[in-house]
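# Structural overview for review
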Amino acid sequence: MSSESTPDVGSGPPGSQDVGFGIDVGGTGIKGGLVDLRTGALIGNRVKIATPTPATPDAVAGTVRQIVDKFQWQGAIGITLPAVVRGGIVQTAANIDKSWIGLDAAAMFSAALDGLPVHVLNDADAAGLAEDRFGGGREQTGVVVLLTLGTGIGSAVLNDGVLLPNTEFGHLEVDGKEAEHRAAASVRAAKDMSWHHWTKEVSRVLKVIENLISPDLIIVGGGISREGAKWIPLLTNRTPVTAATLHNSAGIVGAAMLAAGLTAAVAP
Ligand code: BGC
């Protein structure tokens, strides 16, 4: 288990209504933390525990419980999964254990947490909600697309802050190949691609997305966005692209926003 400090945005202590709790379930780590819902900042340290292998629903629920117990949190909880989630039910499992498909994850987590209310949403949708409100998209009106470039590619689409859930642009076919098999950060690492070569692939994906929905801004997230200065200037698509700013807390923050009912979105 590890704790990591996060920057303090210095807005005075939040009241209890202003505090939410989110958990972000990723392929390598499960992270949770308290969120100041007025600013999108984490309150104190987040807790990260390695994702169990295999990451079956029971094993993940056990880890989620450990994190919730650590904070002694008693309210509604938002939890992300790297999957399409509709009405709490998991629909896909591109990069997670197939046993999640068809599961009512919201009910399962709630049962593992002694009945606490749980809201489950797609990981990129959570990051998009947070980045749009508090991060790279906070000055932007209109249509914002967030892409997380990690093991796979996740996507979120927001129009004036309202989320269109479960867009899954990572699985768009781009010139005969799935977008995430072309341009995820994992592809760059596996093939040892230069920034120039990999950015060409990212540009191809962005062009398909902008031809489909003409966004006003594209935010790129995932660990590789920390190195955005090296590759964002190399992109050749037409829509402005900016790096995510909340980095590895975006999923936690977006999950907490959903659980607190602080999204203009229809709950996914
Ligand atoms: C999944 C998405 C997820 C993304 C990032 C994709 O393979 O289909 O649901 O958001 O990976 O984790």
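Computed from a predicted structure; not experimentally measured.

## Re the pattern of salt bridges
One pass over the structure, following the stated rule, counts 9 salt bridges. Put simply, Arg204 and Asp175 hold a salt bridge, and the shortest N to O gap is 2.9 Å. Of this pair, Arg204 sits in helix H6 (residues 195-213) while Asp175 is found in the loop between strand S12 (173-174) and strand S13 (177-178), placing the two residues 29 residues apart along the sequence. In this structure, a network of salt bridges that share partners links the residues Asp175, Arg182, Glu201 and Arg204.

## Quick look at the sheet that holds strand S15 (residues 241-243)
Here 5 strands make up an open sheet; going across it, the order is S11-S10-S9-S14-S15 and the pairing mixed. Edge positions in the sheet fall to strand S11 (162-164) and S15, since each of these pairs with one other strand and no more. Ignoring strand direction, the axes of neighbouring strands in this sheet form an average angle of 30°. Across 7 bridges, the pairing between strand S9 (residues 143-149) and strand S10 (residues 153-159) is antiparallel. When the bridges of S10 are listed, Thr148 appears paired with Gly154. Contacts from helix H3 (residues 123-134) reach S9, S10, S11 and strand S14 (217-221) within the one sheet, and its direction differs from that of S10 by about 45°.

## Some details on helix H1 (residues 57-71)
Helix length check: H1 (15 residues) gives 21 Å between terminal C-alpha atoms against 21 Å at 1.5 Å per residue, within 8%. Buried within H1 are the following residues: Pro57, Val60, Ala61, Thr63, Val64, Ile67 and Val68. Down the axis of H1, the buried side of the element spans an arc of 165°, and every buried residue falls inside it. Buried residues in H1 make contact with strand S2 (19-25), strand S3 (29-36), strand S4 (41-50), strand S5 (77-81) and helix H2 (105-112).

## Structural notes on the packing of aromatic side chains
The full count for this structure, using the stated rule, is 5 aromatic pairs. Taken together, a centroid distance of 6.0 Å and an interplanar angle of 70° make the contact between Trp195 and Trp198 edge-to-face. Note that Trp195 and Trp198 are positioned in helix H6 at a spacing of 3 residues, about one turn of the helix. A residue is classified by how much of its surface remains accessible, and Trp198, at 0% relative accessible area, is buried. For the ring pair Trp198 and Trp231, a centre distance of 4.8 Å and an interplane angle of 75° mean the geometry is edge-to-face. With Trp198 in helix H6 and Trp231 in helix H7 (residues 228-231), the pair connects residues that are 33 residues apart, well separated along the chain. Of the residues examined, Trp231 reaches a relative accessible area of 0% and is grouped as buried. Put simply, the rings of Phe21, Phe71 and Trp73 pair up and form one aromatic cluster. The residue whose ring lies beneath Arg188 is Trp195, and the NZ or CZ to ring-centre distance is 3.6 Å.

## Notes on the packing of H1 against H2
Interaxial distance between H1 and H2 falls to 9 Å at its minimum, and their mutual angle equals 50°. Between H1 and H2, the angle falls in the class oblique. Note on packing geometry: the crossing formed by H1 with H2 is right-handed. Only Met108, Phe109 and Ala112 of H2 make contact with H1, whose side of the interface consists of Pro57, Val60, Ala61, Val64 and Arg65. Partitioning the contact of H1 with H2 into residue classes produces 7 nonpolar, no polar and 1 charged.

## Points about the domain arrangement of the protein chain
For the protein chain, the domain assignment lists domain 1 (9-125 + 249-259) and domain 2 (137-245). One C-alpha centre belongs to domain 1, the other to domain 2; they are set 24 Å apart. Contacts between the two partners involve 9 residues from domain 1 and, on the opposite side, 13 residues from domain 2. Counting each side, the surface lost to burial between domain 1 and domain 2 is near 750 Å², with a carbon and sulfur contribution of 48%. Considering only the side of domain 1, the residues that lose the most area to domain 2 are Asn95, Ala124 and Asp125, jointly responsible for 62% of the buried surface there.

## Things to note about the nonpolar core
With 31 residues, the main nonpolar core has Ile23, Val64, Val68, Leu81, Trp100 and Phe109 as its most contacted residues. Mapped by element, the contributors of at least two residues to this core are S2, S3, S4, H1, S5, H2 and strand S8 (118-122). The element contributing the most residues to this core is H1, with 5 residues. Among residues more than four places away in sequence, those in contact with Leu81 are Val25, Val90, Trp100, Ala105, Phe109, Val120, Leu121, Asn122 and Asp123.

Thresholds, definitions, all that
- Residues numbered from 1 in each chain as written.
- Predicted model: local features only at pLDDT ≥ 70, side-chain atom pairs only at ≥ 80, totals over all residues.
- Heavy atoms only, no water.
- Salt bridge = Lys/Arg side-chain N within 4 Å of Asp/Glu carboxyl O.
- Helix = DSSP H or I, 4+ residues; strand = E, 2+ residues; numbered from the N terminus.
- Pairing = 2+ DSSP bridges.
- Axes fitted to C-alpha atoms, helices over the stretch in contact; angles between N-to-C directions.
- Contact = heavy atoms within 4.5 Å.
- Expected span 1.5 Å × (residues − 1).
- Buried < 20%, exposed > 50% of the residue type's maximum accessible area, 1.4 Å probe, protein only.
- Arc of directions from axis to C-beta.
- Phe/Tyr/Trp six-rings, centres within 6.5 Å; stacked < 30°, edge-to-face > 60°.
- Lys NZ or Arg CZ within 6 Å of the ring centre and 35° of its normal.
- Parallel < 35°, antiparallel > 145°, perpendicular 65-115°, else oblique.
- Left-handed = near helix turned anticlockwise from the far one by under 90°.
- Nonpolar A, V, L, I, M, F, W, Y, C, P; charged D, E, K, R; others polar.
- Domains from an automatic or database assignment.
- Buried area = accessible area lost by both parts, 1.4 Å probe.
- Core = buried A, V, L, I, M, F, W, Y, C linked by side-chain atoms within 4.5 Å.

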